[in-house]
Protein chains: 2
Amino acid sequence: MSRARDGDRNGPARRQLLLAGTAGVGAIGVGTAAIGLDRSLLRTAAGQEDASAAAGVLLHGSETVPFHGQHQAGVETAAQASATFLGLDLREHVDREGLIRMLRLLTDDAARLTQGLPALADTEPEMATEPARLTVTFGFGPGLLERAGTEVPEWLAPLPSFEIDELEPELGEGDLLLQVAADDPLTVSHAVRMLLKDARAFTAVRWVQHGFRRALGTQRPETTQRNLFGQLDGSANPELGSDHFSEVVWIDDGPFAGGTSMVLRRIRMDLDGWDEVDRVARDNSTGTRQDTGGPLSGGGEFDEPDFAATSEHGFPIIPEFAHVRRARGVDEGEHQEIFRRPYNYDVPPPAGSEAVSEAGQIFVSFQADLLRQFLPIQQRLSDLDLLNQWTTPIGSAVFVIPPGCAEGEYVGQTVLE
Amino acid sequence: MSRARDGDRNGPARRQLLLAGTAGVGAIGVGTAAIGLDRSLLRTAAGQEDASAAAGVLLHGSETVPFHGQHQAGVETAAQASATFLGLDLREHVDREGLIRMLRLLTDDAARLTQGLPALADTEPEMATEPARLTVTFGFGPGLLERAGTEVPEWLAPLPSFEIDELEPELGEGDLLLQVAADDPLTVSHAVRMLLKDARAFTAVRWVQHGFRRALGTQRPETTQRNLFGQLDGSANPELGSDHFSEVVWIDDGPFAGGTSMVLRRIRMDLDGWDEVDRVARDNSTGTRQDTGGPLSGGGEFDEPDFAATSEHGFPIIPEFAHVRRARGVDEGEHQEIFRRPYNYDVPPPAGSEAVSEAGQIFVSFQADLLRQFLPIQQRLSDLDLLNQWTTPIGSAVFVIPPGCAEGEYVGQTVLE
C-alpha cells in the first residue's frame, strides 16, 4: 500500500537507505510460513519512508486486508491482535428496505475503513489512516433474515442448552454481528465508533465484547497463542490458505456458498480455582503438557496424540476425561473439525467483588456445517471434560456469515436478493 | 537480551542470515530519536533467531526495561501500548511489618516478571517469557504511609474538588497504586494476576482500569498519539531522557528524592456530543488544528503558539477559552509544566444504555511538585476551558511514586525505613 503521509519529515535520501535496508530483510523472508503477514509486511517496509523502520521497528499501521472478494475477510485472516464484537438488534421500525439501506451504509464504511480511508461522515478522518489489517466481518442472526423475508437455515438458531451453561441473555444472540479486528486497538475503537454511528438509527446495541491476543511482534506470527490458563490454544486448527481450511470452514453450496457459520461463546475462566491445580492435574485435565502443548503420549505440539497408549499399570496415558480426547471424539469413533479464532478478555471484576479478576475467552469458531461439525464436539465436551470444572459459558450466539461481496455490492446482497 | 527459546525450530544457519539482515537495518537506525526503543529493538533483532524477523516482523516480546535503578521504571519509559492501573486498599489487619512483607513480595514479583522470569509460585511460567518492555510502577497513597508510620507529605491528599468533577468514589484514590504496562496485553494480564495473587492477603482491590495506546509498530514510536477525540495529545511533553524532563518530573531532595508525584484521573469523553461539533469549533476549542496539531496561529505540531496573534477584526486567533491557552496559563503570565502519560479507555456501555460508547482517557501525569506544577493548570482548566463541555472527570487519585530501589531492596525502602 502506498499513500502520502502527513508530516513526514524524512527526505528521499533516507527513503533510499531504508529501501536498501528493508530489502535485505525481505529477501530472507521469502518462503516463511507466516501466512498473510510475510508479503504484506514487506510491502509496508518498502512502501514507507520511515524513521522507525530505521530504528528497527517495522511499521504495520498502513497494512490492509482486501475487503471485497469471494469470502468475507476476518475469517481466513491471520487473527489480529485486537477485536471488538458487537451484537446489534434491529429496531422495530426497520423494514426490509431499511435493513438493506443500513447494510449498504455499513458496507461502505467497512470498505473504506479497512483500506485506510475515512468513512463518509467521519469527523476524525485522521484516525482512519492506520488500518493495521482492519477487517469488519458481518454476521446475520435469524432475526435479520426474517426481517428481510429470507428463509432462515434450520441450523441458524440458539445452540441447545448444555448442562455446563450459565448463560446471561444480555451476552448472547443478536440480529447483526460485527466482528471488528485490527492489530491496533485505537483503530478498532475508531472503526467501531464509525460503524455504530451509522448503525444506531437502525439498531440498538445488545452487547459489546472486547478481546485481545498477543500484540503483533510479541511472538512469531505462526506461534500458537496461550490462553489465560497458560495453555497453548488452537494447535489443531486447519492451516490458513489450505484446501483443508476451505473444507472445514466454507459452505460450498446453497444461498450461503462462500460463507460460513459462526459460534461466539463467552467463557468465563476461573483463574483462582485454576491456581490451586498442580501441574500434573492440569496436564491430565487437557491431555497435553502445559509447557510444550504436546500430547501426554509424547511428542510436540503438532504431533498426534496416541489415545490408545497406556501406562505400565494399564491406565490410559491420556485420561478419559481429558479435553483433547473429548474434543476429538476418540471414544465415539468420530473426528469433527472446526476452525477456532478466539480472543481473551480480562475486565475489571464487579465492584465490591472479592474476585481478583473477571477473565476468560471469547470463543469464536467457524465451520461449514454447524450441526455436523460444531455440535457433536460441544455436546461431548459438555458431557465430560475435566476443564469444565474451571470454565463456564456465560454468553452464546450463532450467526451465519454471508459470503463476501464485490465492489458496488453490499455484504449479504446475494443472500437477501 | 539473550535467552534460550523453547521450541525454536531454526538453526544456526538461519541465525547467521538474520544477524546479517537485521544488522543492515540496525546500521541505519543509529541516530534516530526513538528513545528507549532504537537500541533495545536492535538487540531483539540481533539476539533472536527467528522466522518472523525474517518475514519482516521484528520481534519485541523479549525486550526488557531494567527494574532496579535511581528511578522506578514506567515514568521515563516510552509509553507501552497496554496498561492496567490497580488501586488497592490495605486490609485492616496489615501492620507496618506486614506492609513491608507485602512490598518485598511484590518487588520480587515485579523484578522477575519485568525481566522475563516467572514470579515465585507462578503457575503459568510460560506466560512470563515475553515481557515486551513490562514495567511495574508502585505508588503510595497517604493511607499506606500512615500505616507504615511514615510522615505524609502535605501535598499527598485528594485533589481539591473542581467544579467540573463528577467523581465516582469507587474510581478514585487508594493506598497502593500499581501501574502495570507492557507492549503486549497478555503480558500485562498475566503480570497483574501474579501481583494480585501476592497482594490479595494484604489488600483488597479498590479499582482496576485498563488502558490502551497505539500498538507498537502501528506508527512511528516518536509520533504523538491521538486521543479518542482525534486530537494529537502530548505534543508539549518534555522529552524523555532530557535534563528538562528531570527538572519537570523528578523530586530532587527530601525523602522522596528520585521519586515523583502522580495524578491519575479517569476522564469520560462525550464522543456523541463531540460528533456534533464541526471542525472550526473543534479547532477553536483547543486552539490547535485537529489535523496537524499545529497552533491556530500557524506552524506545525511542535511550534510555539502565538497567543498575541489577532485576526483582522482584532480578535485573538487562539481564543481565550482555548485549551492550549488555558493549559499554558498565558493570561496569568505563568507557565507550568507536567509530564503526561495517558491511556485511552473504551469499555462496553452499561447494559440498557442508549449510549454507543463509554470511553475516555485515563489521564496520568507526573510532576516533581504537585502543588506548584499540576494544581494551577488543573484549576485554570476547571475555571475555563471549552473542552470541559465534552469531558467529565469521573475518577481521581494522587500518589507519591517513591524512588527506585537497588537489587535486594524493596520499592519504597529508603522512604519507609
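Residues numbered from 1 in each chain as written. Chains lettered and ligands numbered in written order. Predicted model: local features only at pLDDT ≥ 70, side-chain atom pairs only at ≥ 80, totals over all residues. Heavy atoms only, no water.

Chain A goes by Dyp-type peroxidase in an unreviewed UniProt entry, where it is assigned to Candidatus Brachybacterium merdavium. What UniProt states about chain A under its Cofactor (unreviewed entry) heading is, verbatim, "heme b". Quoted verbatim from the Sequence similarities (unreviewed entry) field of the UniProt record, the comment on chain A reads "Belongs to the DyP-type peroxidase family." (UniProt positions renumbered as here; feature names shortened; annotations may be inferred.)

**Q** Account for the overall build of chain A, with residues named and values stated.
**A** When you go through chain A residue by residue, the secondary structure sums to 12 helices and 11 strands. Among the 417 residues that make up chain A, the fraction classed as buried is 60%. Total accessible area on chain A stands at roughly 16000 Å², and carbon and sulfur atoms take up 51% of it. (Helix = DSSP H or I, 4+ residues; strand = E, 2+ residues; numbered from the N terminus. Buried < 20%, exposed > 50% of the residue type's maximum accessible area, 1.4 Å probe, protein only. Areas by Shrake-Rupley, 256 points an atom, 1.4 Å probe, with all protein chains shown as cover.)

**Q** Run through the pattern of salt bridges, naming residues and quoting values.
**A** Overall, the coordinates contain 30 salt bridges over all chains when judged by the stated rule. A salt bridge links Arg112(A) to Asp108(A); the nearest nitrogen and oxygen atoms lie 3.0 Å apart. Taken together, the positions of Arg112(A) and Asp108(A), both in helix α4 (residues 96-114) and 4 residues apart, correspond to about one turn of that helix. The exposure class of Arg112(A) is partly exposed, given its relative accessible area of 26%. A relative accessible area of 27% means that Asp108(A) is categorised as partly exposed. One continuous salt-bridge network, built from bridges that share partners, spans Arg193(A), Lys197(A), Arg200(A), Asp272(B) and Asp275(B). (Salt bridge = Lys/Arg side-chain N within 4 Å of Asp/Glu carboxyl O.)

**Q** Got a sec to walk through the pairing of strand β3 (residues 176-182) of chain B? Specific residues and values, please.
**A** For a regular strand, the rule is simple: side chains alternate between the two faces of the sheet. All names here are of chain B. Counting buried positions over the 7 residues of β3 gives 7, a clear majority of the element. Across 6 bridges, the pairing between strand β2 (residues 135-140) and β3 is antiparallel. Bridge pairing in β3 places Thr137 opposite Gln179. (Pairing = 2+ DSSP bridges.)

**Q** Could you give an account of the environment of Asp109(B), naming the residues involved and the relevant values?
**A** Residue and element names in this part refer to chain B. Within the element layout of this structure, Asp109 appears in helix α4 (residues 96-114). Exposure remark for Asp109: the relative accessible area of 2% places this residue in the buried category. Sequence separation between Asp109 and Ala119 is 10 residues; the distance between their C-alpha atoms is 5.0 Å.

**Q** Go over the UniProt feature "domain: Dyp-type peroxidase N-terminal" (unreviewed entry) in chain A with me, naming the residues and quoting the values.
**A** UniProt records the feature "domain: Dyp-type peroxidase N-terminal" (unreviewed entry) at residues 72-213 of chain A, using the numbering of this structure. The span residues 72-213 of chain A carries 29% helix and 23% strand; its end-to-end C-alpha distance comes to 21 Å.

**Q** Tell me about the UniProt feature "domain: Dyp-type peroxidase C-terminal" (unreviewed entry) in chain A, and please be specific about residues and values.
**A** Per the UniProt record, "domain: Dyp-type peroxidase C-terminal" (unreviewed entry) is found at residues 224-405 of chain A. The annotated region residues 224-405 of chain A carries 22% helix and 23% strand content, and the separation between its end C-alpha atoms amounts to 31 Å.

**Q** I'd like a rundown of the packing of α4(A) against helix α6 (residues 185-199) of chain A, residues and numbers included.
**A** Residue and element names in this part refer to chain A. Following both chains from N to C, one finds α4 and α6 inclined at 160°, their axes separated by 9 Å at the closest point. Classified by the angle between their axes, α4 and α6 sit roughly antiparallel to one another. Crossing of α4 against α6: the hand is right-handed. Of the residues in α6, those in contact with Leu105, Leu106, Asp109, Ala110 and Leu113 of α4 are His190, Ala191, Met194, Leu195, Asp198 and Ala199. (Axes fitted to C-alpha atoms, helices over the stretch in contact; angles between N-to-C directions. Parallel < 35°, antiparallel > 145°, perpendicular 65-115°, else oblique. Left-handed = near helix turned anticlockwise from the far one by under 90°. Contact = heavy atoms within 4.5 Å.)

**Q** An account of helix α6 (residues 185-199) of chain B is needed here, citing residue identities and associated values.
**A** All names here are of chain B. When the terminal C-alpha atoms of α6 are compared, their 21 Å separation across 15 residues agrees well with the 21 Å that a helix rising 1.5 Å per residue should span. Extensive coverage of α6 is indicated by the burial of 13 of its 15 residues. Between a side-chain oxygen at the N-terminus of α6 and the backbone nitrogen of Leu186 the separation is 3.0 Å; the capping residue is Asp184. (Expected span 1.5 Å × (residues − 1). Polar contact = N/O pair within 3.5 Å; in protein donor to acceptor, adjacent residues only side chain to side chain.)

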